[in-house]
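Each chain, letter by letter, is given below.
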Amino acid sequence: MADYYVNKNAQANGDHEVHISTCDRLPDRENRLYLGNFTNCHAAVREAKKHYSQSDGCYYCSDECHTS
Ligand SMILES: [Zn+2]
């Protein structure tokens, strides 16, 4: 299990990246939204999409869910 966060700010391509709490690329506290504790990034991205329809796994910590 891991704590997942989504970046409140979109990337240049419009994606809101989903990170685990230990990722080097985790946004600053004011720029991230806590999603919850999940067993995998797929569940976390599903939750993130309730907030931001264009959400995607981080290339570094959630490569399995990184699509673009
Ligand atoms: Zn990450």
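It should be noted that the structure appears before, not after, this text.
This paragraph deals with the state of the cysteines. Within this structure, the stated rule accounts for one disulfide. Linked covalently through their sulfurs, C41 and C65 form a disulfide whose S-S length is 2.0 Å. Across the S-S bond linking C41 and C65, the dihedral sits near 85°, which makes this disulfide right-handed. A residue pair is termed long-range when its members are at least 10 positions apart, and C41 in helix α1 (residues 41-51) and C65 in the segment after β4 (55-57) qualify at 24 residues. C65 matches C41 in its accessibility class, with the two residues each being buried.

Once that is clear, we can look at the pattern of salt bridges. One pass over the structure, following the stated rule, counts one salt bridge. Close ionic contact of K50 with E47 constitutes a salt bridge, the shortest N to O distance being 3.1 Å. With K50 and E47 both in helix α1 and three residues apart, this pair spans about one turn of that helix. What makes K50 exposed here is its relative accessible area of 63%.

Next up on the list: the coordination of the zinc ion. Looking at the zinc ion, one finds its protein donor set to be H19 (ND1), C23 (SG), C58 (SG) and C61 (SG), positioned 2.2 to 2.4 Å from the metal centre. Metal-centred angles of 97 to 121° between the four donor atoms at the zinc ion mark the site as tetrahedral. The motif formed by the donor residues of the zinc ion, counted along the single chain, is H-x3-C-x34-C-x2-C. Of this pair, C23 sits in the loop between β2 (16-20) and β3 (32-38) while C61 sits in the segment after β4; the two residues are 38 residues apart in sequence, bridging distant segments of the chain.

Criteria and cut-off values
- Residues numbered from 1 in each chain as written.
- Predicted model: local features only at pLDDT ≥ 70, side-chain atom pairs only at ≥ 80, totals over all residues.
- Heavy atoms only, no water.
- Disulfide = S-S within 2.5 Å.
- Helix = DSSP H or I, 4+ residues; strand = E, 2+ residues; numbered from the N terminus.
- Buried < 20%, exposed > 50% of the residue type's maximum accessible area, 1.4 Å probe, protein only.
- Salt bridge = Lys/Arg side-chain N within 4 Å of Asp/Glu carboxyl O.
- Donors = N, O, S within 2.8 Å, 3.2 Å for Na, K, Ca; no water.
- Tetrahedral: all angles 85-135°; square planar, octahedral: opposite > 155°, others 65-115°.

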